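Geometric and topological summary
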Amino acid sequence: MNRIHYFISVALIATLSVDVFGQGMCLSDRFLAKRKPSSSAVTESSAGTMSTCTQYTVRVYVHRLRHSAGYGYGSFIDQTLLDRLNASYNQYGIFFTLSGSRDWNNNFFSDPNTPSFALAGIFDDPGANQQSNAINIYVLPSNSQIQGGFVPDNNKKVMVLGGTRAVTHCSGGTTNYEIAQHRIVSHEMGHCFGLVHTFQYDGDDGLSDTPIDHVRRNECVNPSNCQFVPNCATCNVASNPTTTMNNFMSYTVPTCMSFFSPMQLDVMKNAMNNNMSSVVTVTQLSPPNMQLMTYDNNKPVSTVTFVSAGYHTIYTNLNPSSLTQNVQWSANAAISPFGSKLVNASFNIYSGQSINFSITATNACGSANRNPTFVAQSGYYMYPNPAVGKSFSLKFDYSGYHEALPTRVAIYDLRTNDLEMTIDVVAAKEAGLIDGNTLEIDVEKLKRGLKVVRIYYGKEYRSVRVERLLLR
């Protein structure tokens, strides 16, 4: 059986290319057609014009190649691949979801002694089980000889990843890159969407917003600053127009991969709009709706929201998967954002405190902001007590908003329980009788003795605080 696989793979390689061994972590150029991309996909005048208010959700299916000797990844690799893809593409409005996964027990393809060129036959194996509604990712064990990844030119809905590549950097030191654990999957996904290497055709990938690039070896890049290292004997490249090696489609080191150019993005979206419909769902978007925001037990957030002192939680009620980055929170007090993409935040507010928030959410269509204020019910201090003379005072922690103040104050005789006086605090504020957060209450006409002071909060007097006051 192994011999059959071997000869089939050799035949495939002869058809696709005679050279499958590379000095980078991607072998796709050995399988790519030897032509520049069609200019019909994107032009200078159309660069960056693809709608930004469109979200692309790509389905992937993971096939984990396993060997009876124990080689191969467990199911955890599914989430690792999704995390790498979403971290790379979410900023461009492209999202990835897992449509399914499986273990594929195959002792030939998962054997560490199987030569890398023989792995080209993996897609035509009867056990490949390719899913028509997803991009199929075949993950080989970390000890596979492939030491990279590739996407064949004749089938953009499949890719292979596996092995571990040791890179001896021209800048010094050696790093072992476990392919399936790094951003190589994001690079290979670019091939699925029609991109070629930045160096592919004598350094010109056909897109003018990616500078000429002659680097074909990972060793040429300093991993600490992502800079091209000139005159390195291993690379044999004296100079390179691209000095900072951050493009996903270059032969940089995985930790330096961080961006696609606008024209590269348009090539990918053109492919997704036209010939990848079976694996991509396209959704038209609007900027994030910040008016869905609630707090605590599904209470709506207003421009100014009045709460009791203590801990509270704000929920933006945004779908994290639709956001291209974390929600941005700022406030004039300590807050604790949490949840996927930080869509929620908790905070502690003190009596009489006012907290001003600035909350910004971003999706592929743009950003939206909201600036709510939370105000805690004001506390108070009652003095003097005992009250000797004509009056006593309530000094509030905060009186900037009448909603934060008590609604009314009622004074009862302790012995008879008779209501002797009611003070409308809101009316007193509107009349300008609260001076420096202090309300003076005239009790000259009340009988001397022990009183009960009830302090009511809220329109329905839902909160009552009871004090005792001695009048002399």
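Above this text is the structure in question.
In this report, the structure presented in the accompanying data block is examined.

Definitions and cut-offs
Numbering of residues begins from 1 in every chain and follows the order in which that chain's sequence is written. Thresholds applied to this predicted model are a pLDDT of at least 70 for local features of residues and 80 or more for the giving and counting of side-chain atom pairs; totals over whole chains, interfaces and linings are not thresholded and use all residues. To get the side-chain values, take all heavy atoms of the structure and skip hydrogens and water. If DSSP finds at least two bridges between two strands, the strands pair. Helix numbering and strand numbering both begin at the N terminus, where a helix is a DSSP run of H or I of at least 4 residues and a strand a DSSP run of E of at least 2. For this analysis, a polar contact is any N or O atom pair within 3.5 Å, provided that within protein one partner can donate a hydrogen and the other can accept it, and provided that sequence-adjacent residues contribute only side-chain to side-chain pairs. In what follows, residue pairs with any heavy atoms lying within 4.5 Å of each other are defined as contacts. For every residue, the accessible area obtained with a 1.4 Å probe (protein chains only) is divided by the maximum for its type, and the residue is called buried under 20%, exposed over 50%, and partly exposed between those limits. Pairs of cysteine sulfur atoms within 2.5 Å are what we label disulfides.

Moving on to the sheet that holds strand E14 (residues 310–315). One open sheet holds the five strands; their spatial order is E12-E11-E14-E17-E16, and the pairing between them is antiparallel. Pairing within the sheet leaves two strands with one partner each, and these edge strands are strand E12 (299–300) and strand E16 (335–338). Pairing of E14 with strand E17 (residues 344–349), which is carried by six bridges, proceeds in the antiparallel orientation. Its bridge partner being in E17, Tyr311 is matched across the sheet by Asn348.

Let us look at the side chain of Ser110. Summarising the element assignment, Ser110 is placed in the loop between strand E2 (94–105) and strand E3 (135–139). A polar contact is formed between the side chain of Ser110 and the backbone oxygen of Arg66, at a distance of 3.1 Å. Separated by 3.5 Å, the side chain of Ser110 and the backbone nitrogen of His67 make a polar contact. Beyond its immediate chain neighbours, meaning those up to four positions away, Ser110 contacts Leu65, Arg66, His67, Tyr71 and Pro141.

Quick look at the side chain of Asn247 now. Counting through the fold element by element, Asn247 comes out in the loop between strand E9 (227–228) and helix H4 (262–274). Take Asn247: its relative accessible area is 7%, and that puts it in the buried class. One polar contact links Asn247 to Gln264, side chain to side chain, over a distance of 2.9 Å. What Asn247 contacts, discounting residues up to four positions off in sequence, is Thr198, Thr210, Thr252, Met257, Phe259, Phe260, Ser261 and Gln264.

On to the environment of Gln79. Inspection of the secondary structure assignment puts Gln79 in helix H2 (residues 76–89). Accessibility expressed as a relative area gives 46% for Gln79, which makes it partly exposed. Here the alpha-carbon distance between Gln79 and Leu98, two residues 19 residues apart in the chain, equals 8.4 Å.

Counted by the stated rule, this structure contains four disulfides. Cys53 shares a disulfide with Cys365; S-S distance 2.0 Å. Between Cys53 and Cys365 the sulfur-sulfur dihedral comes to about 65°; the bridge is accordingly right-handed. With Cys53 in the loop between helix H1 (2–16) and strand E1 (54–66) and Cys365 in the loop between strand E18 (354–363) and strand E19 (366–370), this residue pair connects regions lying 312 residues apart in the sequence. Covalently, Cys226 is tied to Cys256 through a disulfide, its sulfur atoms 2.1 Å apart. An S-S torsion of about -90° defines the bridge between Cys226 and Cys256 as left-handed. Of this pair, Cys226 sits in the loop between strand E8 (221–222) and E9 while Cys256 sits in the loop between E9 and H4, and the two are 30 residues apart along the sequence. Accessibility assignment for this pair places Cys226 and Cys256 in one class, buried.

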